[in-house]
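# Architecture at a glance
Single-letter residue listing:
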Amino acid sequence: MNPHLIAPTPPMGWNSWDCYGAAVTEKEVRANAEYMAKHLKDFGWEYVIVDIQWYEPGAVSSQYRPFVPLEMDDFSRLMPAANRFPSAADGQGFKPLADYVHGLGLKFGIHIMRGIPRQAVHAATPIKGAFVTARDIVHPNSICPWNTDMYGIDTSKEGAQSYYDSLFELYAKWGIDFVKVDDIAASRLYDIHLPEIAMIREAIYRSGRPMTLSLSPGPAPLEHADFLERNANMWRMTDDFWDLWEPLLDMFDRCEKWQGRTGPGHWPDCDMLPLGHIGIRSVDGGGSDRWTRFTKDEQVAMMTLWTLFRSPLFFGGELNDNDDWTLSLLTNRDVLAMHRDGVEARQVYRNGDRIVWTSKGPENVTYVALFNTGTTPLQVSVMLDELGWSGGAPSAFDMWASEALGTIGERLDLEVASHGARLIRLS
């Protein structure tokens, strides 16, 4: 199973974190899946992801309750909390919910933490497929500083691979299509966990089911880019991204750093899109129940950078509350075609508050993104030879406005709003 055959284009979907934190319910997941099937599937959106702590019966927000009992089976594997996911009762796990999502023509995914549950270690519960217990494979000094659910695995111990094999065997039986593994790409205490990533990749292979593998949080170290490309389909370039201008401004540096590393099956990840109605039960990011704090111009700038760079796109808001504006950001076929088919994304220049990016499309198309990171409108321009254009005077099309701009000469020169972007297709 070649991991590069999984996620040949950047994955697109919905994730429960930005609106529901650790406390999403099955009813809410189903409702968002139904919206995606009705309004977004035709545009390429396909993944429905249940984020962290689906195994915590008492979760109420994005604030974790430390050292509380978690739902777990007899083989040290966490199970969905049946009070939040009723279809998971009687040991069925996520299979009924995954079947429902698949029935809508979509794919289903979950979030997990690296390692093994602390309560499994303390109780010395068995590992399926090995003559050892959780206590025998634990690395008790390998902990997550922001969540108490897990200990790390000592990958040198007999039974460590068996534990991960048993996890992904279970996920394959459930019909999982996507697994987001946290506290692994850039742990605050221990940097990147390369041996555990390799074990997880091997466990996916042994499960016999293709699963997109996403690694969090970031920033993942650039020096391990080759390893990440071989072993993961997505990896975060940033810590959790929220609806504030400074993190968005910082993302230009991160994309410049990782440019040239995107390709079929391996996608550096700008993190989720905190758009629409977020913070319903997620109090991270310095906010509470709210509509995104990004201005409309900032939303366009974010979507322009994410799509031209070809980051995965995971919407964080409650889909059923989308207004027409928010939906329009997710259903622009010209922009999504660039995201799907563009290649060779690169920064052309950055000069003060002016930033220009470009990529290539099929049939001699060139995409150009003009950004203004300043506080007043600016003229932003670029010479066609800086874009590598050599096909005579091109026709320009404004992709967000869906408006033809006519033929241009040697220079593209447009006014760009404060904190905004213009996205142009040259052909």
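Starting afresh in each chain, residues are numbered from 1 along the sequence in its written order. Per-residue local features are limited, in this predicted model, to residues with pLDDT of at least 70; the limit for side-chain atom pairs, both in listing and counting, is 80 or more; totals at the level of whole chains, interfaces and linings are taken over all residues. Computation of side-chain values covers all heavy atoms of the structure but excludes hydrogens and water.

Looking now at the sheet that holds strand β16 (residues 365-372). When DSSP finds two or more bridges between a pair of strands, those strands are recorded as paired. For the purposes of this entry, the term helix denotes a DSSP run of H or I that reaches at least four residues, the term strand denotes a run of E that reaches at least two, and both are numbered from the N terminus. Strand order in this open sheet of 6 strands is β14-β15-β16-β21-β18-β19, and the pairing throughout is antiparallel. Edge strands, defined here as strands with exactly one partner in the open sheet, are β14 (343-351) and β19 (403-407). The mean inter-strand angle of the sheet, taken between neighbouring strand axes irrespective of direction, is 20 degrees. Bridge analysis of β14 against strand β15 (residues 354-361) gives 6 bridges, and the strand direction is antiparallel. Of the residues in β15, the one forming a bridge with N351 is R354. Whether two residues are in contact is decided by their heavy atoms: any pair within 4.5 Å suffices. An axis is simply a line fitted to the C-alpha atoms; with a helix, the fit covers only the stretch in contact. Between two such axes, the angle follows the N-to-C directions and lies from 0 to 180 degrees. Across the sheet, helix α10 (residues 296-309) touches β14, β15, β16 and β21 (420-426), and the angle it forms with β21 is around 45 degrees. Of the strands in this sheet, β14, β15, β16, β18 (395-398) and β21 touch helix α12 (residues 333-341), which is tilted by about 75 degrees from β21.

This next bit is on the state of the cysteines. Criterion for a disulfide: a pair of cysteine sulfur atoms at a distance within 2.5 Å. If you walk through the whole model with that rule in mind, you get 0 disulfides. The thiol sulfur of C255 is not disulfide-bonded, and the nearest other cysteine sulfur, from C270, lies at 3.7 Å.

With an omega of -20 degrees, the peptide bond between S216 and P217 qualifies as cis. Here P217 lies in the loop between β8 (212-215) and α8 (225-231). Not every positive phi belongs to a glycine, and D271 is a case in point at roughly 85 degrees. Turning to its location among the elements, D271 is positioned in the loop between β10 (267-269) and β11 (277-278). Of note in the backbone geometry, H419 takes a positive phi value of approximately 60 degrees without being a glycine. Following the sequence through the fold, H419 ends up in the loop between β20 (411-416) and β21.

Below, the discussion takes up the domain arrangement of the chain. According to the domain assignment, the chain contains domain 1 (3-341) and domain 2 (346-426). What counts as a domain boundary in this text is fixed by an automatic or database domain assignment. Computed from C-alpha coordinates alone, the two centres of domain 1 and domain 2 are separated by 33 Å. Listed per partner, the contact involves 23 residues of domain 1 and 24 residues of domain 2. A quick way to say it: buried area is the sum, across both parts, of accessible area lost when two parts are put together, with a 1.4 Å probe. Regarding the contact of domain 1 and domain 2, the summed buried area is about 2100 Å², with carbon and sulfur atoms giving 68% of it. Among the residues domain 1 hides against domain 2, the three largest losses belong to F252, L308 and D334. Together they make up 27% of the total. Only one rule defines a salt bridge in this text: a Lys or Arg side-chain nitrogen within 4 Å of an Asp or Glu carboxyl oxygen. Scanning the region where domain 1 abuts domain 2 turns up 2 salt bridges. A salt bridge links R350 to D253; the shortest N-O distance between them is 2.9 Å. Of all the secondary-structure elements, those providing two or more residues to the side of domain 1 that touches domain 2 are α9 (245-258), α10, α11 (324-330) and α12.

This part is about the nonpolar core. By size, the foremost hydrophobic cluster in this structure holds 129 residues, and its most contacted members are F168, Y171 and W357. Take this core: its biggest share by element is 9 residues, from helix α6 (residues 160-174). Two domains each provide a minimum of three residues to this core, namely domain 1 (3-341) and domain 2 (346-426). Those residues in contact with F168 that sit more than four places away from it in its chain are I112, V179, I200, A203, I204, S207 and M211. Each nonpolar core is a collection of buried residues, namely Ala, Val, Leu, Ile, Met, Phe, Trp, Tyr and Cys, held together in the definition by side-chain atoms within 4.5 Å. Relative accessibility decides the category of a residue: with a 1.4 Å probe and only protein chains considered, values under 20% of the type maximum give buried, values over 50% give exposed, and everything between is partly exposed.

This next bit is on the UniProt feature "domain: Alpha galactosidase C-terminal" (unreviewed entry) in the chain. With numbering matched to this structure, UniProt assigns "domain: Alpha galactosidase C-terminal" (unreviewed entry) to residues 352-426. With 0% helix and 59% strand, residues 352-426 has its two end C-alpha atoms placed 25 Å apart. UniProt positions are given in the numbering used here, feature names are shortened, and annotations may be inferred rather than shown by experiment.

This brings us to helix α2 (residues 26-40). Along an α-helix, a turn takes 3.6 residues, which lines up residues three or four apart on a common side. Multiplying 1.5 Å by the helix residue count minus one yields the expected span of that helix. The terminal C-alpha atoms of α2, which comprises 15 residues, lie 20 Å apart, in line with the 21 Å expected from a rise of 1.5 Å per residue. Every buried residue belonging to α2 is among E26, E28, V29, N32, A33, Y35, M36, A37 and L40, and all of these are buried. Buried residues along α2 sit against β1 (12-15), α1 (17-20), β2 (47-50), α3 (95-103), β3 (107-113) and α11.

On the secondary structure map, A203 appears in helix α7 (residues 194-207). Between the C-alpha atoms of A203 and S166, which are 37 residues apart in sequence, the distance is 8.0 Å. Excluding its chain neighbours within four sequence positions, the residues that come into contact with A203 are Q161, Y164, D165 and F168.

A word on the packing of aromatic side chains. Between 30 and 60 degrees the pair is tilted, below 30 it is stacked and above 60 it is edge-to-face, where a pair is any two Phe, Tyr or Trp rings, Trp via its six-membered ring, whose centres lie within 6.5 Å. A full pass over the atoms with the stated rule returns 19 aromatic pairs. Ring geometry for F252 against F371: centres 4.8 Å apart, planes inclined by 80 degrees, an arrangement best described as edge-to-face. In this pair, F252 is assigned in helix α9 and F371 in strand β16, connecting sequence segments 119 residues apart. For F252, a relative accessible area of 1% gives the class buried. Three or more aromatic residues link up through ring pairs in this structure, and these residues are W54, Y55, F85, F94, F108, F168, Y171 and W174. Look at NZ for Lys and CZ for Arg. If either is within 6 Å of the ring centre and within 35 degrees of the ring normal, a charge sits over the ring. Directly above the ring of Y151 sits R118, whose terminal nitrogen or CZ lies 4.7 Å from the centroid. Over the ring of F43 we find R333; its NZ or CZ atom is 4.0 Å from the centre of that ring.

Before going further, it helps to spend a moment on the side chain of D271. Exposure remark for D271: the relative accessible area of 6% places this residue in the buried category. Ignoring anything within four residues of it in the chain, the contact list for D271 reads R236, T238, D239, D240, F241, W306, S311 and P312.

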